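Listed below are the residues making up each chain.
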Number of protein chains: 2
Amino acid sequence: MPSTRSLALLSLLVSVSLVLSKPAEAQSAAPPSLTELYKDTAGALIGAALTDDEGWEKLTYLTTVIGNRLSGSPQLEQAIQWAGQSMRREGFDKVVLQPVKVPHWVRGKESAQVVVPHPRALPMLGLGNSVGTPPEGITAPIVVVKSFDELKALDDKAVQGKIVVYAVPWEGYGKTVQYRGRGASEAARKGAVAALVRSATGNSLATPHTGAMRYAQDAPKIPAAAITPEDADWMRRMAEAGRPVTVKLTMEAKMLPDADSHNVIAEIAGSEFPDEVVVMGGHFDSWDVGQGAHDDGASCIAAWQALALIKKLGLHPKRTLRVVLWTNEENGLRGGRAYRKALGDMVKNHVAAIEMDGGCERPVGFGASLGAGRGGSEEGSTTPSPAAERMLSRLRQIGALLEGIGAGSITSGGGGADIGPLMREGVPGLALRTVMEHYFDWHHTDADTLDKVDPLNLRRATAMLAVMGFVLADMPGRLGDQ
Amino acid sequence: MPSTRSLALLSLLVSVSLVLSKPAEAQSAAPPSLTELYKDTAGALIGAALTDDEGWEKLTYLTTVIGNRLSGSPQLEQAIQWAGQSMRREGFDKVVLQPVKVPHWVRGKESAQVVVPHPRALPMLGLGNSVGTPPEGITAPIVVVKSFDELKALDDKAVQGKIVVYAVPWEGYGKTVQYRGRGASEAARKGAVAALVRSATGNSLATPHTGAMRYAQDAPKIPAAAITPEDADWMRRMAEAGRPVTVKLTMEAKMLPDADSHNVIAEIAGSEFPDEVVVMGGHFDSWDVGQGAHDDGASCIAAWQALALIKKLGLHPKRTLRVVLWTNEENGLRGGRAYRKALGDMVKNHVAAIEMDGGCERPVGFGASLGAGRGGSEEGSTTPSPAAERMLSRLRQIGALLEGIGAGSITSGGGGADIGPLMREGVPGLALRTVMEHYFDWHHTDADTLDKVDPLNLRRATAMLAVMGFVLADMPGRLGDQ
């Protein structure tokens, strides 16, 4: 609809020119709040985002034509080159593909079957970083545990030569995911030959969830795979009934030499303080299932499109506003580390870092971690220091600009894995927060697909990143100033 | 907990003897309503059902130790023998395994992969009755249609040698399921080599749904499989973007000679009119995925346990109350037909038939089809005749007894596939109705498992069948009387 869009653009340009002439006349007795100062700019950005179709077109291309994007896969490199070329065409002040060496794990063919009592296929997904089985597979009786304590209490003889099944309860992602992470090594220490882990989700339709696992140095490496909550529950009940179950697991999974990858970086240079940087983005890699739509394609597109709309509106923030699509968040965090390393001492000029990595459900606001040396935990929350309180107050003034789209909440605690290395250097870290109703239903599964993303929420997230990113980059004084 | 249970049984027996002495003194001016007449009996039955554990234990055994139960499988025969033996132990007046020859379709190994553009596994389930592929599989480009009309409008050349993908919208089970049923033959007529059908569900977590398909006489038999809504949507978007997709489909599926099976029949003989029969039940077979928990294991157990509780309470209905666990509902309806055929003319003595085959979510009441010659549609609803209105009024008096468990609604329209042959002879047919919130999420999938059944709802359904079955079998006059 080019004519409608041209009209919308025209009306936006008019309002932008009104905006640009406003700050001067707003100077009166008390310094205006950020809410007052950026009301019209925010209005222009929100209006542009809520009428934008290009973000959805980009996300459709990324998820449909390119697909999922595991580190080392041709799809991830295809996505990176496509984003770089598109960004150059869009005419940002700088577009850089920053080289990063990434782990290169490949799944290969894999399957699992119940052999005893009744042969049947077990839906499964090998865990990322897992070794494979011998070509003929591993066939062994299972031993079911509901916790690490239960495993430890078992006699080694009860575990030796068996496949340990973690039929653990769902106690939220943070708690349940530990069995995915270190379940294989804990089982291997007791002599197990493989580990099957209940998928980390509270809602399943026979859906296995993959994700990263890691091997301890002091334990044999045994193959590890996720099974569905349904099958974990079935195995638990069979064990409780004293009924033996034998499973055959076949996985070709292996780790190849590190592969070449890149962080995709695009920016609008600061008009007054080009060395001061606000960075925002998500991770461009995904697991090798589904389409990486919520995790984390939509976030990458929202950040990219936010920058594109700021550029289209002809806005020039005082500081540099940079979008980074980090590589290798899922199984290595190499992108986030490489970005921080390349900054050297310039990390102190990073005014704020915003990561969106909780899916693109209905957004509600931002969470912020504002203490120096804070890690990248998405869930951490502490009592804010006076300095953090000052920052929170400024962020709330910006948040107020987003109340009209239900996304104005500013809470303490937030960040992201990719911006963790920056936050550990004292850079204030923000996470875009959503309602998180279904994210972990889709997370790391074949169901993380475009049909699960509501275009309205992509537009809302785009609006939020545009407003928060622009104001942080443009506001009088840095976010962290006294 | 034997001691608690013995106490409960004792107190129930006391209330039952009170009940049995009541009808005489209740005779006054106007004939009492069924609600008044059976209030105490219903109370005893509801109390027994809501404190019952045996039903849950049976369902656990059926779904966990035996598992799913496709016609011709060893598991179905195991379930039939187990039920027959258990029922004999429980001491019903008659337990019969009625022989039925059933179709014997086997799935064998099966898989699907995207070959172009990026190789990946496609979650899938072959459709019941489908033929297999050659051992090397079928590898072909896909052609995507969103309806039969769209398929028909295509030039035959656009379909020949291709795999037709039905990326159809979800318009409710009744509408969408037609593509599962006749999609393969419609595609074969245009020269397709295989058909992939969007699973018939409105809610998916990358979950394929199997179910029966059938071949037209005049079309080549090509293999047919269900894919996930996510992948159907992806293929539609790829087609819209003009991007070719090639799929490899490998299925060992085949039809074997008919197998031996049985309807499981247990009854309490009528104390006054043993030839008059109220029959209730579900189908004991299931698809060969998941555990056949909602479809239709829980229903079978609820009907069986209802009869067991009536017996435990020492209640003797005037007419015969019979439970039938029909075989082969899913892919042949041979059980329902064999049951009707064996009755011969005695079908006229069937007072009512109750089927539960909509899962064991929270039950709300019964739907009833009360016109002679009505088919077995679960969804049909018509304006009732005066005779039907009389029956509805009697059923509502019984329904009132179930209002205390939120299950007293009596609506027009209902029945079931297995009781269809009886209903076509004029037998009033009832369906136990539930909220139906998630049934089609689980239906015919690996997610139809015990963990999806709330034990409280199994108890409620048991109470409903006990009360409805007992009152219909015991009430003064037959349900259909003038």
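Residues numbered from 1 in each chain as written. Chains lettered and ligands numbered in written order. Predicted model: local features only at pLDDT ≥ 70, side-chain atom pairs only at ≥ 80, totals over all residues. Heavy atoms only, no water.

Visitor: How should I be thinking about the sheet that holds strand β4 (residues 124-126) of chain A in this particular structure?
Guide: Adjacent strands of a sheet form backbone hydrogen bonds with each other and so pair up, either parallel or antiparallel. Residue and element names in this part refer to chain A. In space, the eight strands of this open sheet follow the order β3-β2-β9-β5-β6-β7-β8-β4, with mixed pairing throughout. Strands with a single pairing partner mark the edges of an open sheet, and in this sheet they are β3 (120-121) and β4. As paired strands, strand β5 (residues 138-145) and strand β9 (residues 246-251) are joined by four bridges and run antiparallel to one another. Residue pairing in the sheet places I138 in a bridge with L249 of β9. (Pairing = 2+ DSSP bridges. Helix = DSSP H or I, 4+ residues; strand = E, 2+ residues; numbered from the N terminus.)

Visitor: Explain the sheet that holds strand β11 (residues 273-283) of chain B to me, please; I cannot follow it from the model alone.
Guide: All names here are of chain B. On the basis of which strands lie adjacent, the open sheet formed by eight strands has the order β1-β10-β12-β11-β13-β16-β14-β15 and mixed pairing. The sheet terminates laterally at β1 (94-106) and β15 (409-412), the two strands that pair on one side only. Ignoring strand direction, the axes of neighbouring strands in this sheet form an average angle of 25°. Examined bridge by bridge, strand β14 (residues 363-369) and β15 share four bridges and lie parallel to one another. Across the sheet, the residue bridging to G365 is S409, located in β15. Relative to the sheet, helix α12 (residues 334-343) contacts β1, β10 (254-268), β11, β12 (319-326) and β13 (350-355), its axis offset from that of β1 by approximately 140°. (Axes fitted to C-alpha atoms, helices over the stretch in contact; angles between N-to-C directions. Contact = heavy atoms within 4.5 Å.)

Visitor: Where do I start with the relation of the copies chain A and chain B in this structure?
Guide: Relating one copy of the chain to the other takes a rotation about an axis and a shift parallel to that axis. Superposition record for chain A on chain B: RMSD 0.0 Å, screw rotation 180°, translation along axis 0.0 Å. Seen this way, the second copy is the image of the first under a two-fold rotation axis. Minimal C-alpha separation from the rotation axis in chain A is found for L205 of chain A, amounting to 2.9 Å. Comparing contact sets, 100% of the residues at the interface of chain A also lie at the interface in chain B, consistent with an isologous, same-surface contact. (Least-squares fit on C-alpha atoms with pLDDT ≥ 70 in both.)

Visitor: Before we go on, may I ask you to explain helix α9 (residues 173-189) of chain A in this structure?
Guide: Residues and elements named next belong to chain A. The terminal C-alpha atoms of α9, which comprises 17 residues, lie 25 Å apart, in line with the 24 Å expected from a rise of 1.5 Å per residue. Most pronounced at R182, the bend in α9 amounts to some 60°. Most of α9 sits inside the fold, with 12 of its 17 residues counted as buried. Those residues of α9 not exposed but buried are Y173, T176, V177, Y179, R180, G181, G183, A184, S185, E186, A187 and A188. Buried residues in α9 make contact with α7 (148-153), α8 (156-159), β6 (163-166), β7 (194-198), β8 (224-227) and α15 (439-442). Immediately beyond the C-terminal end of α9, within one or two residues, lies G191, with a positive phi of roughly 100°. (Expected span 1.5 Å × (residues − 1). Bend = angle between axes of the 7 residues up to and from the residue. Buried < 20%, exposed > 50% of the residue type's maximum accessible area, 1.4 Å probe, protein only.)

Visitor: Help me understand the packing of helix α5 (residues 54-66) of chain A against helix α11 (residues 293-312) of chain A, please; the structure alone is not making it clear to me.
Guide: Two measures define how a pair of helices packs: the angle their axes make with one another and the distance between the axes. Residues and elements named next belong to chain A. With their axes 9 Å apart at the nearest point, α5 and α11 run at an angle of 145° to one another. α5 and α11 meet at a crossing whose hand is right-handed. Only A293, G297, A298, I301, W304, Q305, A308 and K312 of α11 make contact with α5, whose side of the interface consists of E54, G55, K58, L59, L62 and T63. Among the residues making up the contact of α5 with α11, the classes are represented as seven nonpolar, four polar and three charged. (Left-handed = near helix turned anticlockwise from the far one by under 90°. Nonpolar A, V, L, I, M, F, W, Y, C, P; charged D, E, K, R; others polar.)

Note that every value here comes from positions in space, so none of it alone points to a role or purpose.
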